[in-house]
Amino acid sequence: MLKKLLFFFSLILFNAVTLAQTQPWQGKFEPIDNMINPPNSYRAASGAPGKAYWQQRADYKIKATLDEENNTITGEETITYHNNSPDDLSYIWIQLEQNVNKKGSEDFGSFFNSIKDSINTRQMQLLTRAIDFPAGYTIKYIKDANGNPMKSFVNNTMMKVVLKEPLKSGVSISFSMAWSYPITDRSMFFLSREGYEYFPGDDNTVYLIAHWFPRMAVYNDTEGWQNQQFQRLGEFALEFGDYYVELTVPEDHIIASTGSLQNGDAVLSKTQQERLKEAAGSFDKPVMIVTKDEAENNEKAKSNKQKTWIFSASNVRDFAFASSRKFLWDAQAVKLPTNTVMAMSFYPKEGLPVWKEESTKAIKNALEVYSEATFDYPYPVAISVNTSNIGMEFPMISFNGGRPKNGKISDRARAGMIGTIIHEVGHNWFPMIVSSDERKWMWMDEGLNTFIHQRTVAERYPEFSSATPKTIVPFMSGDKNIMRPIMTTSDNEILTQFGNNFYMKPTVGLQMLRNSIVGRELFDQAFKEYANRWKYKHPNPADLFRTLEDATAVDLDWFFRGWFFTTDNVDMELTDVKWFRVNEEELNSKDQKKTVKLKIEGENFSEQAKDFSSGPEAITMTSTPDASYGGFLSRMDEPELRKQLSDKNIYVVTIKNIGGLVMPVTIEWLYTDGSREIDTLPAEVWRGNEYEIKRTFVKEKEVSKVNLDPNFEFADTDMRNNSFPKVEAPSEFDAFKSKQE
Ligand SMILES: [Zn+2]
């Protein structure tokens with residue numbers, strides 16, 4: 001190892017020679033082309049849909065009746081399926097998600113828990129289903145457009161319908177089916193996205209009805225038929241289409257639903273209709289459509305008559321609704337540049353007062369920030385329905401947990417509730433419109449959605465804490481034996497990990513790209529480009545990766561490779577900082593042939609200095625031999641160059657990559673005069689050596705301290721090795737304690 005520096009221009013070469021990597025090269029900057037789907041005529045290399053891009057379409061006409069006494073739903077539907085693919089299809093697949101609720105289909109229960117010495121009774125029910133209850137579809141018939149029965153096979157949550165003749169490319173088919181299923185009690189499941197919630201206080205029920213009608217599975221250019229069963233964690237892959245839905249419910253119920261209400265004059269009172277009109281012009285605050293008193297009267301009425309509500313929705317990939325006589329209802333208008341939306345909330349009185357105060361306001365905030373970040377919300381309504389727990393999204397409507405206890409809610413729970421509403425409303429963009437395959441890649445919708453959700457919180461609720469790269473540090477410094485890359489399919493992730501791995505890690509990755517790697521303006525353009533390219537379409541991970549590079553002219557393969565395909569983390573160690581100084585007086589020698597030995601203050605440089613107290617180290621600068629100039633007859637002004645360096649402080653920084661991820665390096669210099677300065681090196685500095693780099697800096701001022709990643713931009717998992725002079729090592733007890741945290 002050479003200790004003394006020659007001068008500047010040969011420095012780069014020296015680094016390359018002296019720092020030859022001794023550990024195996026891992027190709028961290030190699031293209032990821034062999035790890036993602038190759039481009040073709042359907043999906044372009046730019047990340048945009050290709051010239052021959054196609055997708056299927058499914059239109060639905062549904063009539064359904066909710067039987068409150070027996071908690072069942074019965075329906076008939078006609079599906080018109082358009083085969084836009086270049087392929088002829090001899091069979092089609094239909095999703096029967098309610099079948100996951102049948103006893104025996106819940107392997108998921110054992111996934112999240114096992115029996116310990118002590119377990120609460122509800123957990124034991126979730127695990128063993130000791131109290132059994134009916135669930136799953138009864139399919140009464142399935143018949144073609146001429147009324148002839150069609151041959152079908154049910155395979156758990158999927159049903160194959162065999163066609164008499166193949167459905168040719170470019171041709172549509174209509175068929176009908178009738179079905180029913182028992183609505184299940186949400187408290188009986190761990191991840192209950194739908195079902196009913198019973199309120200013993202007034203003997204009433206709130207119904208959350210979702211993945212309720214048999215729906216077409218996706219057929220596409222990368223998978224053929226979507227063929228992963230519903231196992232609760234991996235959600236849905238669905239086709240776009242138009243819906244016309246007639247819902248018959250008890251007469252005193254209020255329905256919140258995907259779509260626009262078609263027969264308001266038949267199902268709403270005159271007063272309610274007038275209030276809705278008023279709400280359509282109220283841009284600053286919600287108007288109550290059903291008040292608390294009215295909802296309480298409904299609770300007591302318990303009509304046994306029925307009413308049919310009709311909704312229609314265009315270009316949606318799903319349809320859900322909620323129904324109850326308990327609902328209060330408020331609504332206000334939200335003006336976006338190209339659309340005016342009705343933001344509406346439905347909640348039982350148990351949600352008061354916080355739901356009245358916050359829900360519709362949170363919808364408005366989400367609509368505004370997401371529209372700005374991607375494209376204007378295109379639908380007529382955006383609805384938030386209060387539930388006991390969790391949040392779940394559907395087109396135009398979401399079911400959101402968060403309820404006060406005895407009218408009171410902690411600040412933390414309030415923030416959690418508002419965050420849930422923003423998040424679930426945000427899912428209208430990802431995956432309801434930018435319609436990725438949730439069954440396969442949970443991170444594609446959860447990660448992108450959480451990214452804009454956190455931005456909404458940061459911009460509209462600055463008093464709440466929102467995610468930053470620091471948020472992911474505890475997860476990324478966790479046990480690698482149970483950690484999986486983000487690029488893991490939804491159902492192959494562990495329940496304790498998916499929140500961090502599929503929501504927060506992609507969020508932080510996108511934040512790092514936006515704030516520290518690509519830059520805000522360029523990144524925001526690229527993110528918007530992705531959203532607009534894949535609006536109402538089915539993007540794959542490759543389409544996102546390619547677009548983010550194509551629209552920024554930044555090669556991000558190293559970032560995608562590390563952050564999405566490995567479980568490596570960022571941990572950089574500031575191993576050493578060497579200080580040198582050049583003395584002008586001695587440098588003024590005109591004699592090009594004579595080697596100049598410089599006299600530098602300080603001593604004892606053979607040991608590695610632990611701080612800057614022993615002063616700068618000596619440099620020997622030699623005059624450049626003619627041979628180094630090769631064929632050039634001209635000579636640079638070497639004395640001038642030396643003069644430029646004289647009295648300057650030259651620092652050589654050694655940084656080790658401990659965590660494995662290559663990242664940009666930000667170096668903070670604290671000077672002896674109290675001022676500070678930051679230098680940023682791009683991630684590409686790790687190209688020559690993925691394990692250790694040395695870089696040289698010339699500074700006017702003397703440095704007292706050097707820190708890496710001073711603003712916590714890169715989720716460095718161990719900040720204790722980021723400084724020179726080193727920060728005092730924590731005691732074993734402190735280290736243990738911080739690990740526990
Ligand atoms: Zn989500």
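This text gives an overview of the structure that appears in the document. Worth saying up front: this structure is predicted, and the values here are computed from it rather than measured.

Quick look at the pairing of strand β2 (residues 72-82) now. Sheet analysis places strand β1 (residues 57-67) next to β2, joined by 11 bridges and oriented antiparallel. Looking at the pairing, Leu66 lines up with Ile73 of β2. With antiparallel pairing between neighbouring strands as the criterion, β1 and β2 make up a hairpin whose turn holds 4 residues, including Asn71 at a positive phi of roughly 50°. Looking at chain direction, β2 and strand β7 (residues 172-182) are connected through 11 bridges and run antiparallel.

What follows is about the nonpolar core. The biggest cluster of nonpolar side chains holds 193 residues, and the ones touching the most others in it are Trp212, Trp443, Phe559 and Trp563. Of all hydrophobic cores here, the second largest spans 8 residues; its members include Phe580, Met621, Ile650 and Val652.

It is worth spelling out the environment of Arg193 at this point. In this fold, Arg193 is placed in the loop between β7 and β8 (195-199). On a C-alpha basis, the gap between Arg193 and Glu358 in space is 22 Å, while along the polypeptide they are 165 residues apart. Contact partners of Arg193, with chain neighbours within four places excluded, come to His211, Phe230, Arg232, Leu233, Glu235, Phe236, Ile390, Met392, Phe394 and Phe399. For Arg193, the side chain forms a polar contact with the side chain of Glu235, separated by 2.8 Å.

Once that is clear, we can look at the coordination of the zinc ion. Here the zinc ion is held by His423 (NE2), His427 (NE2), Glu446 (OE) and Glu446 (OE), and the distances to it run 1.9 to 2.7 Å. Coordination at the zinc ion is irregular, judged from the 4 donor atoms that bind it and the angles of 54 to 152° they form at the metal. Taken in sequence order, the residues that donate to the zinc ion follow the motif H-x3-H-x18-E. In this structure, His423 and His427 share a single accessibility class: buried.

A word on the packing of aromatic side chains. Evaluated as defined, the whole model comprises 50 aromatic pairs. Aromatic pair Tyr137 and Trp179: ring centres 6.2 Å apart, planes at 90°, arrangement edge-to-face. Linking Tyr137 in the loop between α3 (121-128) and β4 (138-144) with Trp179 in strand β7, this pair joins segments that are 42 residues apart in sequence. Looking at Trp179, the relative accessible area reads 0%, which means it is buried. Ring centres of Tyr219 and Trp225 lie 5.0 Å apart, and the angle between their planes is 55°; on these two criteria the pair is classed as tilted. The exposure classification of Tyr219 matches that of Trp225, with both residues buried. What links up through ring pairs into an aromatic cluster is the set Phe29, Trp443, Phe545, Trp558, Phe559, Phe560, Trp563, Phe564 and Phe565. Across the ring face of Phe236, the terminal group of Arg215 is positioned such that the distance to the ring centre comes to 4.8 Å. When the ring centre of Phe375 is taken as reference, the NZ or CZ atom of Lys535 above it lies at 4.7 Å.

Note the cis peptide between Leu352 and Pro353, where omega equals 0°. Here Pro353 lies in the loop between β20 (339-347) and α7 (354-373). Residue Pro725 is reached from Phe724 by a cis peptide bond, and omega for that bond is -5°. Relative to the helices and strands, Pro725 resides in the loop between β32 (723-724) and α17 (732-740). Its identity as a non-glycine residue notwithstanding, Arg232 has a phi of 85°, on the positive side. Among the structural elements, Arg232 can be located in the loop between β12 (224-225) and β13 (241-250).

Rules used throughout
- Residues numbered from 1 in each chain as written.
- Predicted model: local features only at pLDDT ≥ 70, side-chain atom pairs only at ≥ 80, totals over all residues.
- Heavy atoms only, no water.
- Pairing = 2+ DSSP bridges.
- Helix = DSSP H or I, 4+ residues; strand = E, 2+ residues; numbered from the N terminus.
- Core = buried A, V, L, I, M, F, W, Y, C linked by side-chain atoms within 4.5 Å.
- Buried < 20%, exposed > 50% of the residue type's maximum accessible area, 1.4 Å probe, protein only.
- Contact = heavy atoms within 4.5 Å.
- Polar contact = N/O pair within 3.5 Å; in protein donor to acceptor, adjacent residues only side chain to side chain.
- Donors = N, O, S within 2.8 Å, 3.2 Å for Na, K, Ca; no water.
- Tetrahedral: all angles 85-135°; square planar, octahedral: opposite > 155°, others 65-115°.
- Phe/Tyr/Trp six-rings, centres within 6.5 Å; stacked < 30°, edge-to-face > 60°.
- Lys NZ or Arg CZ within 6 Å of the ring centre and 35° of its normal.

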